[in-house]
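# Summary of the model geometry
Residue-level listing of the chains:
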2 protein chains.
Amino acid sequence: MKFSKRITSMQSSPIRRLVPYAEAAKAEGKKVYHLNIGQPDIVTPPGFLESIKKFAGDVIAYSASHGSYELIDAMIDYYKGFDINLERKNLIVTNGGSEALSFALMATCDPGDEVLVPEPFYANYNAFASSVNVKLVPITTRAREGFHLPPKAEILKKITPLTRAILFSNPGNPTGVIYTREEMEMIADIALEKDIYVIADEVYREFVYDGLKYTSFGNIKRLEDRVIIVDSISKRYSACGARIGCILSRNEELMAQTMKLAQGRLCVPTLEQVGAVALYKTPKSYLEEVNKEYQARRDILISKVREMPGVICEEPKGAFYVVAKLPVDDAEKFVIWMLKDFHVDNETVMMAPAEGFYATPGLGRDEARLAYVLKKEDLSRAMDILKAGLEAYPGRIKSASNF
Amino acid sequence: MKFSKRITSMQSSPIRRLVPYAEAAKAEGKKVYHLNIGQPDIVTPPGFLESIKKFAGDVIAYSASHGSYELIDAMIDYYKGFDINLERKNLIVTNGGSEALSFALMATCDPGDEVLVPEPFYANYNAFASSVNVKLVPITTRAREGFHLPPKAEILKKITPLTRAILFSNPGNPTGVIYTREEMEMIADIALEKDIYVIADEVYREFVYDGLKYTSFGNIKRLEDRVIIVDSISKRYSACGARIGCILSRNEELMAQTMKLAQGRLCVPTLEQVGAVALYKTPKSYLEEVNKEYQARRDILISKVREMPGVICEEPKGAFYVVAKLPVDDAEKFVIWMLKDFHVDNETVMMAPAEGFYATPGLGRDEARLAYVLKKEDLSRAMDILKAGLEAYPGRIKSASNF
């Protein structure tokens, strides 16, 4: 039997496809520190489960396709705090940020259409784009430039008559970059000049460090009718397994079109929405504590990385990832080796090989994405194991390439 | 701003797009009997909520992309009862049957490819197909033939080099048809001769009445490598709002390809899977009781429909829907009129206009889908209101067309 080209050409998730190696390591009795996936160990605010436990209905019924009004209203309140003013019709609750991103691509792009995206980018963008036959066109950014954007002229060169949108994660996954206001105004200029959408993946909005000022694409007034924001509670409230996100836009006709997609899949889970309402009522101090905790984790990771000869890694300013260049020829082989053939006192580390975060062939082969989502002592221990692994690795080369 | 053609050409869900009229009616103080949507009023087995309440983790974390093994194993056990023998690699847990259907289309079809489907069909197939640029090619079936399939030669005429699959809901939504073993063997012949997939939507597997024997496409041995089954707990356990379904196939390479899609969206909600495990452990007597209840509801609906002059409606043998031809020129106008301008003692009825369940233009305009998902007294009352509405409707014609 034949399969579709769209699926055979799709890469497996670089974050998840090596999971069988991790499972095998665990089956052998090894402990695996998971730096490969953005799964925080932060406790989910207890209101989530408490409110679900109080659910009184005796039928677990469909909810509205756009999401429950309780949740939509809680989200509207939340965005007010960022000076983003919305009405109910501007927002649809989705199955995580994942579905929001898929909806944004389907609403704006036909097969063969192109979306610009700074690389390295969140690898699952590939899956969402391939599955609906949208071409991601990379704007290469570089570790040594802190993964900031190239000049406007270089971005303009990538735009063709098929370009429909420019897609950002900001704060950046996997790079940790925070775009400056100047960069965002440049993007706004381009979007207006070229009449394209801006799809802003802002799921890490609260994860900004060193007192940097964060601007949402929702704050750029002149872009109002062309900005689509993709969001999620997964990271904000450490509720990845709730799969609650949203898509929002002040372009009402866009939201009306997107409602067709939402109606097709009927609704998102009813109970998870009940829990999510409680999360959005969590005191702000929770998010401040979480921010402090991640900043401290980042500091540990960076100081430990700097002790590793041959590793190149800029300090990330946001999200909870870093892309590190490793002194190996192929990071995927190294990650597999760490799981299969290496341990320190029966413990090892899993990372995500970064090649899958690039669209340009060959880029990122010696890079890995590390998520600093574990508590300080675990993270510290994981980094020590990584250091030992790099020292022991037979495929080690002298230093990472200085791309 | 422009939108994609795929989304502008998509119809709104005929099941959900009239919801604003229902909301307006309720805002005026009217009670609305919902026969438009397959939302049963049957109590969800309490194990669902009880097991979620016992969830002990303090982080709502991602689960595995293929679903939790507890749930997969519970599903494997369930299918054994239907003589469908699976291993873990044959099954992926999905966000309802909706996502399973989308996955099946994406894994088998590229843009422009065609999928045959008997019409009338579940209207949201249109949304899933349009969103990934797959063309649904209808095989027209007729009320007066109990919505059974036309002869083989007529189906073969619809097959082109672009045909990749034939899609069934069996028991049929919206028709209530149960395909005979002979019909299924005919489809098997066609699938093998033409080298196409069979996508079998069997979410109503337990809803078969009058002692009819039900055969799953999973029971046709010679089709093993080309059958994809789409399933869901929504109707089986009255847990529509849990959004738990699955896609399964004995074609291992197909499942491996489909895992890329599952990994892209990370996972389905963790807690809902915990609840679903409990549902699959519900004693069989629950499903037998539910079957009896629906058969009784169907009997009430049919006997009431037969009291309505000019309405044509065959007795459905499965699922919990019926397509009725109404003595009106446009069922959608009639449904809106019922919500806006009609009531009996401040109560009215909502149905789903059936035109959206057909792909052939013009068909189904005078038809509506009625879901018999309400308890007997409510259903009976709703049917009396419908009868009164048809009598009072200014757009009434003498009799439905005998298509």
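Residues numbered from 1 in each chain as written. Chains lettered and ligands numbered in written order. Predicted model: local features only at pLDDT ≥ 70, side-chain atom pairs only at ≥ 80, totals over all residues.

With that out of the way, let us pick up the overall build of chain A. Helices and strands together make up the secondary structure of chain A, namely 13 helices and twelve strands. Here the C-alpha radius of gyration of chain A, 21 Å, is about what a compact globule of 403 residues would show, namely 22 Å. Along the first, second and third principal axes, the C-alpha atoms of chain A reach 55 × 55 × 55 Å. Per-residue burial for chain A yields a buried fraction of 57% across its 403 residues. (Helix = DSSP H or I, 4+ residues; strand = E, 2+ residues; numbered from the N terminus. Rg over C-alpha atoms; globule rule 2.2 N^0.38 Å. Buried ≥ 20, exposed ≤ 12 C-beta atoms within 10 Å, placed from the backbone.)

Residue and element names in this part refer to chain A. Counting buried residues along strand 7 (residues 227-232), six of its six residues qualify, which places the element largely inside the surrounding structure. Relative to strand 7, strand 6 (residues 197-201) runs parallel, the two being bridged by four bridges. Residue V198 lies in a different strand from strand 7, and its bridge partner there is V227. (Pairing = 2+ DSSP bridges.)

Pairing in this open sheet of three strands is antiparallel, and the strands run 9-12-11 (chain A) from one edge to the other. At either end of the open sheet lies a strand with only one pairing partner, and these are strand 9 (321-325) and strand 11 (352-353) of chain A.

Quick look at the interface of chain B and chain A now. Taken together, the contact pairs 68 residues of chain B with 68 residues of chain A. For the side of chain B that touches chain A, the residue count by class is 31 nonpolar, 22 polar and 15 charged. (Contact = placed C-beta atoms within 7 Å. Nonpolar A, V, L, I, M, F, W, Y, C, P; charged D, E, K, R; others polar.)

All names here are of chain B. Taking strand neighbours across the sheet as the criterion, the seven strands line up as 2-8-7-6-5-3-4 in an open arrangement whose pairing is mixed. Both edges of this open sheet fall to strand 2 (91-95) and strand 4 (135-140), since each of them pairs with a single strand only. Between one strand axis and the next, the sheet turns through 25° on average, direction left out of account. Strands in contact with helix 9 (residues 252-264) are strand 2, strand 7 (227-232) and strand 8 (244-248); relative to strand 2, the strand with the most contacts, it is inclined by about 30°. (Axes fitted to C-alpha atoms, helices over the stretch in contact; angles between N-to-C directions.)

Once that is clear, we can look at the confidence of the model for chain A. Considering every residue of chain A, the mean pLDDT works out to 95; 99% of them sit at 70 or more. Predicted complex, confidence summary: ipTM 0.94, pTM 0.95. (pLDDT = per-residue confidence, 0-100.)

As a further point, take the nonpolar core. Counting 268 residues, the largest nonpolar core has V198 of chain A together with V198 of chain B as its most contacted members. Not counting residues within four places of it along the chain, the set of residues in contact with V198 of chain A comprises A165, I166, I187, A191, F217, L223, R226 and V227 of chain A. (Core = buried A, V, L, I, M, F, W, Y, C linked by C-beta atoms within 7 Å.)

All names here are of chain A. Cis peptide bonds are those with omega within 30 degrees of zero, and the linkage from N170 to P171 qualifies with -5°. Mapped onto the secondary structure, P171 falls in the loop between strand 5 (163-169) and helix 8 (181-194). The phi dihedral of D210 is positive, around 60°, even though this residue is not glycine. When you line up the elements, D210 lands in the loop between strand 6 and strand 7.

Turning to the packing of helix 2 (residues 19-27) of chain A against helix 12 (residues 331-341) of chain A, a few remarks are in order. Residues and elements named next belong to chain A. Interaxial distance between helix 2 and helix 12 falls to 8 Å at its minimum, and their mutual angle equals 20°. Comparing their axes, helix 12 and helix 2 come out roughly parallel. Considering how the two elements wind past one another, helix 2 and helix 12 form a crossing that is left-handed. Counted together, Y21, A22 and A25 of helix 2 and I336, L339 and K340 of helix 12 form the full contact between these two elements. (Parallel < 35°, antiparallel > 145°, perpendicular 65-115°, else oblique. Left-handed = near helix turned anticlockwise from the far one by under 90°.)

For the pair chain B and chain A, the superposition axis carries a translation of 0.0 Å, the fit reaches an RMSD of 0.0 Å, and the rotation angle comes to 180°. The operation mapping one copy onto its partner corresponds to a two-fold rotation axis. Looking at chain B, 100% of its interface residues are interface residues in chain A too, so the copies touch through the same face. (Least-squares fit on C-alpha atoms with pLDDT ≥ 70 in both.)

Split into domains, chain A comes out as domain 1 (5-43 + 285-392) and domain 2 (47-280). Elements represented by at least two residues in the side of domain 1 of chain A that touches domain 2 of chain A include exactly helix 11 (284-305) and strand 9 of chain A. (Domains from an automatic or database assignment.)

Right, let's talk about the packing of helix 6 (residues 124-131) of chain A against helix 9 of chain B for a bit. Two numbers describe how helix 6 of chain A lies on helix 9 of chain B: the axes approach to 8 Å, and their chain directions differ by 120°. Judged on the interaxial angle alone, helix 9 of chain B and helix 6 of chain A are oblique. Note that helix 6 of chain A runs across helix 9 of chain B; the crossing there is left-handed. Of the residues in helix 9 of chain B, those touching helix 6 of chain A at N124, A127, F128 and S131 of chain A are K260, L261 and G264 of chain B. Considering only residue class, the contact of helix 6 of chain A with helix 9 of chain B consists of three nonpolar, three polar and one charged.

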